[in-house]
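# Summary of structural features
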Amino acid sequence: MALILRSSVLRRFLSTTCRSSTGARMDLVYEDRTDYPAPHVRFTKDAELAEDLKALRKKEAGDWKNLTADEKRALYRLAFHKSYADMKAPTGEWKVILGGVCFALAVSAGIYMFQKDYILPEPPHTLNEDWQAQLRDYMIRMHNNPIEGIASKWDYEKNDWKK
């Protein structure tokens, strides 16, 4: 249990930090994740804020009862890029995947048609309907398999199929 807890804490820490190849800490990185929806890093840095948002940040340090609902929403959006509902909302990525699958099927069908028309050899003459009719007549004349086969279904007195 301690190993699982330790690995999840480590994974959460690594999701919000960036390290160089030497191991020195470079910068904290924000990332929206459903398994850890509240990272330690804010979405917007204080240096990037406009003056009215800096004032709102200072007001945040005071009593939250004095903040309006719109100010609380603005502070939430400064801290987090997406809400949990926004992260769980469908993205429409399935459309791209379905389009890619349809494109791959179309290309495969095109390759098959090209090979069928230009690369594959002609089918053998034994698949011709005339050849198969002649073979059937030969098998009837030779009384081939007279108990259960094709000769058992042929009436030799009437020269026609049995009914």
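Refer to the preceding data block for the structure.
Below: a short report on this structure. In this text the structure is predicted, and so the values were computed from the model without any measurement. (Residues numbered from 1 in each chain as written. Predicted model: local features only at pLDDT ≥ 70, side-chain atom pairs only at ≥ 80, totals over all residues. Heavy atoms only, no water.)

Attention shifts here to a nonpolar patch on the surface. On the surface, Trp131, Leu135, Tyr138 and Met142 cluster together into a nonpolar patch covering about 410 Å² of accessible area. Along the chain, the position of Met142 falls in the loop between helix H6 (129-141) and strand S3 (154-155). (Patch = residues over 30% accessible without salt bridge, like charges linked within 9 Å, V, L, I, M, F, W, Y side chains within 5 Å. Areas by Shrake-Rupley, 256 points an atom, 1.4 Å probe, with all protein chains shown as cover. Salt bridge = Lys/Arg side-chain N within 4 Å of Asp/Glu carboxyl O. Helix = DSSP H or I, 4+ residues; strand = E, 2+ residues; numbered from the N terminus.)

Leu49, Leu56, Leu67, Leu75 and Leu78 form the largest nonpolar core, which has five residues in total. In contact with Leu78, other than residues within four places in its own chain, are Arg42, Phe43, Thr44, Leu49, Leu53 and Arg57. (Core = buried A, V, L, I, M, F, W, Y, C linked by side-chain atoms within 4.5 Å. Buried < 20%, exposed > 50% of the residue type's maximum accessible area, 1.4 Å probe, protein only. Contact = heavy atoms within 4.5 Å.)

The subject of this paragraph is the pattern of salt bridges. Summed over the entire model, instances satisfying the criterion amount to seven salt bridges. As a salt-bridge pair, Glu60 and Arg42 come within 3.4 Å of each other at their nearest N and O atoms. Note that Glu60 is positioned in helix H2 (residues 51-60) and Arg42 in the loop between strand S2 (25-28) and H2, a separation of 18 residues in sequence. Its relative accessible area of 15% is what places Glu60 among the buried residues. A salt bridge links Arg57 to Asp46; the nearest nitrogen and oxygen atoms lie 2.2 Å apart. Pair noted here: Arg57 is in helix H2 and Asp46 is in the loop between S2 and H2, with a separation of 11 residues, a long-range link. Connected through salt bridges with shared partners, the residues Arg42, Asp46, Arg57 and Glu60 form a single ionic network.

The contact between H2 and helix H3 (residues 69-79) brings their axes to 11 Å, and the two run at 100°. It follows that H2 is roughly perpendicular to H3 by the angle criterion. For the pair formed by H2 and H3, the contact residues are Leu53, Leu56, Arg57, Lys59 and Glu60 on the first element and Glu71, Ala74, Leu75, Leu78 and Ala79 on the second. (Axes fitted to C-alpha atoms, helices over the stretch in contact; angles between N-to-C directions. Parallel < 35°, antiparallel > 145°, perpendicular 65-115°, else oblique.)

Next up on the list: the packing of aromatic side chains. According to the stated counting rule, one finds four aromatic pairs in the structure shown. Their ring planes at 65° and their centres at 5.4 Å tell us that Tyr30 and Phe43 sit as a pair that is edge-to-face. Note that Tyr30 is positioned in the loop between S2 and H2 and Phe43 in the loop between S2 and H2, a separation of 13 residues in sequence. Take Tyr30: its relative accessible area is 17%, and that puts it in the buried class. By relative accessible area, which is 33% here, Phe43 ends up partly exposed. (Phe/Tyr/Trp six-rings, centres within 6.5 Å; stacked < 30°, edge-to-face > 60°.)

Checked against the element boundaries, Ser152 lands in the loop between H6 and S3. Not counting the four nearest positions on each side in its chain, Ser152 is found in contact with Asn145, Pro146, Ile147 and Lys162.

Along an α-helix, residues three or four apart share an orientation, since each turn contains 3.6 residues. Looking only at H3, the buried set comprises Glu71, Leu75, Leu78 and Ala79. All buried residues of H3 fall inside an arc of 95° around its axis, so they share one side. Exposed positions of H3 whose direction lies more than 90 degrees from the buried face are Asp70 and Arg73. Buried positions along H3 lie against H2. (Arc of directions from axis to C-beta.)

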